[in-house]
Amino acid sequence: MAVPVDGKTNGPGIVWPGRKRVAVMVTFDFDAEFLRISRAKSKGTGIGFTDYSRGQYGPHTGIYRCLDMLDTLGVKATFFVPGAVVETYREQVEEIHRRGHELAYHGYLHESVRGISREEETANMEKAEALLESVTGRRPVGHRGPESIIHPFTPELLTERGYLYSSSMKDCDYAYLWEKDGRTLPLVELPGDITMDDFTYYYFTFSDPAVRSMYTNREVYGNWKAEFDGLAEEGDKIFVLKLHPQMIGRASRIAMVGELIAYMKGHGAWIATCEEVARYVLEQEWEKNGEQDSPGKGGALK
Ligand SMILES: [Zn+2]
């Protein structure tokens, strides 16, 4: 699972479409109550009745503010959706698709456990992929591990299942291609960081006394804007904003995110879905290698 950082991949030095300064992906983990259920399970704790309702704020209210904000700004986003959320909140998931956003894989029950077998994970993927396909009519091409947990076999498994990208790692600020046994896989990694994750600033629960924090929206805006400005200055980087409708979907917070996206649009951002960015990165790789094949058609990268 070596990460190529030697400049052979389309990470450092990439030129974005229209010579934009930075590729920005607005992403949402639409977890509903399954975020807190799986988190409590992995931490060996339980969750209270109102913790469920905190999660349910996402599908009941937050998601609609997120979608309206995106429509207002004319931005398409990527939503990572567990299979169980498709089963429980199908109407909301259909609405996300209807408004033109990308749906991608995020576990079946938002399983945030380490050490599961390849067979178990394959079964989760089969179930969740079928549910997403029942909404969109096509298989998902993107993957984010619940709580960003992926397994040693995940990159190769994703390649075998026709995925174009993963977005779970935190190891750099640019898109890169995975390697396995010295071979480059046709799988793009779109790394993020907790710096650009609303969970870091807004996750709150009474069930875990260690997690009772809350930042002001101005502080969060300041952090995100400064991170964006720095990456835009460097020129070949990506900025993956990771949001949860149950946290960011509050009236004051969604207004802040809208303000940030408007700022980024005006300051050199190429705002695209994760799929669009992954396809672009793969196309650059194919061109560099002189391949005639195009991404997604199964051509092997050198
Ligand atoms: Zn999640």
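All values reported here derive from a predicted model rather than from experimental measurement. Counting from 1, residues in each chain are numbered in the order their sequence is written. Only residues with pLDDT of at least 70 are given local features in this predicted model, and only at 80 or more are side-chain atom pairs given and counted; all residues enter the totals for whole chains, interfaces and linings. To get the side-chain values, all heavy atoms of the structure are used, and hydrogens and water are removed first.

J.: Just to check I follow, could you spell out the overall build of the protein for this structure?
T.: Numbering goes from the N terminus for both helices and strands, where a helix is a DSSP run of H or I of at least four residues and a strand is a run of E of at least two. In terms of regular secondary structure, the protein is built from eleven helices and nine strands. Taken against the 2.2 N^0.38 rule, which gives 19 Å for 302 residues, the C-alpha radius of gyration of the protein at 18 Å falls within 12% of a compact globule. Projected onto its principal axes, the C-alpha coordinates of the protein cover approximately 55 × 45 × 35 Å. Split into buried and exposed, the 302 residues of the protein put 57% on the buried side. Note on definitions: a residue-residue contact is assigned when non-hydrogen atoms from the two residues lie within 4.5 Å. Sequence separation of 24 or more characterises 71% of the internal contacts of the protein that already satisfy a separation of 6 or more. Values of accessible area rely on a 1.4 Å probe in the Shrake-Rupley scheme; residue burial ignores everything except the protein chains shown. Surface exposure of the protein reaches about 12,500 Å², of which carbon and sulfur atoms provide 50%. Charge counting treats Lys and Arg as positive and Asp and Glu as negative, with His and both chain ends excluded. Charged side chains are reduced to one point each, which is NZ for Lys, CZ for Arg, CG for Asp and CD for Glu. Here the protein carries 36 positive and 45 negative side-chain charges, and the mean point of each set is 3 Å from the other. Radius of gyration here is computed from C-alpha atoms only, and the compact-globule reference equals 2.2 Å multiplied by the residue count raised to the power 0.38. Relative accessibility under 20% of the residue-type maximum defines a buried residue, over 50% an exposed one, and the middle range a partly exposed one, all with a 1.4 Å probe and only protein chains included.

J.: Explain the coordination of the zinc ion to me, please; I cannot follow it from the model alone.
T.: Metal coordination angles in their ideal form are 109.5 degrees for the four-donor tetrahedron and 90 or 180 degrees for the six-donor octahedron. Around the zinc ion, the protein supplies Asp31 (OD), Asp31 (OD), His106 (NE2) and His110 (NE2) as donor atoms, at distances of 2.1 to 2.6 Å. Geometry at the zinc ion is irregular, judged from its four donor atoms and the angles of 52 to 129° they form at the metal. Ligating atoms shown are N, O and S within 2.8 Å of the metal, or 3.2 Å for Na, K and Ca, and water is not included, meaning a site may look less than complete. Sequence spacing of the donors to the zinc ion: D-x74-H-x3-H. Histidine 110 shares its class with histidine 106; the two are buried. Every angle between 85 and 135 degrees makes a four-donor site tetrahedral, while opposite donors more than 155 degrees apart, with all other angles between 65 and 115, make a four-donor site square planar and a six-donor site octahedral; other sites are irregular.

J.: What should I look at first to understand the nonpolar core in this one?
T.: It is characteristic of soluble globular proteins that their nonpolar side chains tend to be buried jointly. For this analysis, a nonpolar core means a set of buried residues of the types Ala, Val, Leu, Ile, Met, Phe, Trp, Tyr and Cys, connected via side-chain atoms within 4.5 Å. Judged by nonpolar contacts, the single largest core of 54 residues is most densely connected at Val26, Phe28, Phe79, Trp224 and Phe239. Here this core takes seven residues from helix α10 (residues 251-265), the largest share from any one element. Non-local contacts of phenylalanine 239, meaning those with residues more than four positions away in its chain, are made with Val22, Ala23, Val24, Met25, Met196, Trp224, Glu227, Phe228, Leu231 and Met264. Core analysis: the second largest hydrophobic core is formed by 24 residues, Trp16, Leu177, Ala278 and Leu282 among them.

J.: I'm lost on helix α2 (residues 49-73) in this one. Help?
T.: Helix length check: α2, at 25 residues, gives a terminal C-alpha distance of 36 Å against a target of 36 Å (1.5 Å per residue), a fit within 8%. We define the bend at each residue as the angle formed by axes fitted to the 7 residues ending at it and the 7 residues starting at it. Along α2, the sharpest change in direction is near 55° and occurs at glycine 62. Listed in full, the buried residues belonging to α2 are Asp51, Gly55, Tyr57, Gly58, Pro59, Gly62, Ile63, Cys66, Leu67, Met69, Leu70 and Leu73. Of the surrounding elements, those touching the buried residues of α2 are β1 (22-29), α1 (34-43), β2 (78-81), α4 (90-98), α9 (245-248) and α10. By definition here, a helix of n residues has an expected span of 1.5 Å times n minus one.

J.: Is there a simple way to think about the confidence of the model for the protein in this case?
T.: Close reading of the predicted structure is inappropriate where its pLDDT is low. For every residue, the predictor states its confidence as a pLDDT score lying anywhere from 0 to 100. Scored by pLDDT, the protein has a mean of 90; 90% of the residues are at 70 or more. Low confidence marks residues 1-9, where pLDDT is under 50. Its contacts with residues over four positions away, or in another chain, come to 18 contacts. Low pLDDT, under 50, characterises residues 292-302; the stretch is placed with 23 contacts to residues that sit more than four places away or in other chains.

J.: Where do I start with the side chain of arginine 36 in this structure?
T.: Within the secondary structure, arginine 36 is located in helix α1. For arginine 36, the side chain forms a polar contact with the side chain of glutamine 246, separated by 3.4 Å. When residues no more than four places from it in sequence are discounted, the contact partners of arginine 36 are Ile47, Asp51, Arg54, Gly55, Tyr203, Phe204, Thr205 and Gln246. Counting of polar contacts relies on pairs of N or O atoms within 3.5 Å, with two restrictions inside protein: one atom must be capable of donating a hydrogen and the other of accepting it, and residues adjacent in sequence are counted only when both atoms are side-chain atoms.

J.: Before we go on, may I ask you to explain empty space enclosed by the protein in this structure?
T.: The method is simple in principle: a probe with the dimensions of a water molecule rolls over the atoms, and the space it marks as empty is what remains. Using a grid of 1 Å spacing that covers the protein atoms alone, one calls a set of points a cavity when a 1.4 Å probe fits there but cannot get out, and a pocket when the set is open and has protein on both sides within 12 Å along at least five of seven lines; lining residues are those with an atom within 4 Å of a point. Grid points are joined across faces, edges and corners, and a volume is the space filled by probe spheres set on the points. By the definition in use, this model includes three cavities of 30 Å³ or more. Lining the largest cavity we find 13 residues, and of these Glu111, Glu121, Pro146, Ile149 and His151 sit closest to its centre. One number sums up the size of the second largest cavity: a volume of about 60 Å³. Looking at the second largest cavity, the residues that line it are Arg144, Ser148, Ser167, Ser168, Met169, Lys170, Leu190, Gly192, Asp193, Val240 and Lys242. Residues that form the lining of the second largest cavity fall into these classes: three nonpolar, four polar and four charged. Lys, Arg, Asp and Glu make up the charged group, whereas Ala, Val, Leu, Ile, Met, Phe, Trp, Tyr, Cys and Pro make up the nonpolar group; the residues left over, Gly among them, are polar.

J.: Can you walk me through the pattern of salt bridges in this structure?
T.: Any two side chains of opposite charge can pair, so long as their charged atoms come close to each other. By salt bridge we mean one thing: a side-chain nitrogen of Lys or Arg within 4 Å of a carboxyl oxygen of Asp or Glu. Using the criterion set out here, one finds 21 salt bridges in the structure. The residue arginine 218 makes a salt bridge to glutamate 259 at a minimum N-O spacing of 3.1 Å. Residue arginine 218 is located in helix α8 (residues 217-234), and its partner glutamate 259 is located in helix α10; the two are separated by 41 residues in the primary sequence. Judged by its relative accessible area of 37%, glutamate 259 is partly exposed. For arginine 279, the salt bridge is made with glutamate 275, and the minimal N-O distance between the two is 3.0 Å. Placement of both arginine 279 and glutamate 275 in helix α11 (residues 274-289) is noted, with a separation of four residues, approximately one turn of the helix. Assessed through its relative accessible area of 28%, arginine 279 is described here as partly exposed. Here the residues in one salt-bridge network are Asp68, Asp71, Glu95, Arg98 and Arg99, joined through shared partners.

J.: When you look at the pairing of strand β8 (residues 237-243) in this model, what are you seeing that I'm missing?
T.: Remember that side chains alternate between the two faces of the sheet whenever the strand is regular. Of all seven residues in β8, seven are buried, a share of seventy percent or more. Alternating residues of β8 divide into Lys237, Phe239, Leu241 and Leu243 and Ile238, Val240 and Lys242, and every residue in both groups is buried. When DSSP finds at least two bridges between two strands, those strands are taken to pair. Here β1 runs beside β8; their pairing, made up of seven bridges, is parallel. Counterpart to alanine 23 in the pairing with β8 is isoleucine 238.

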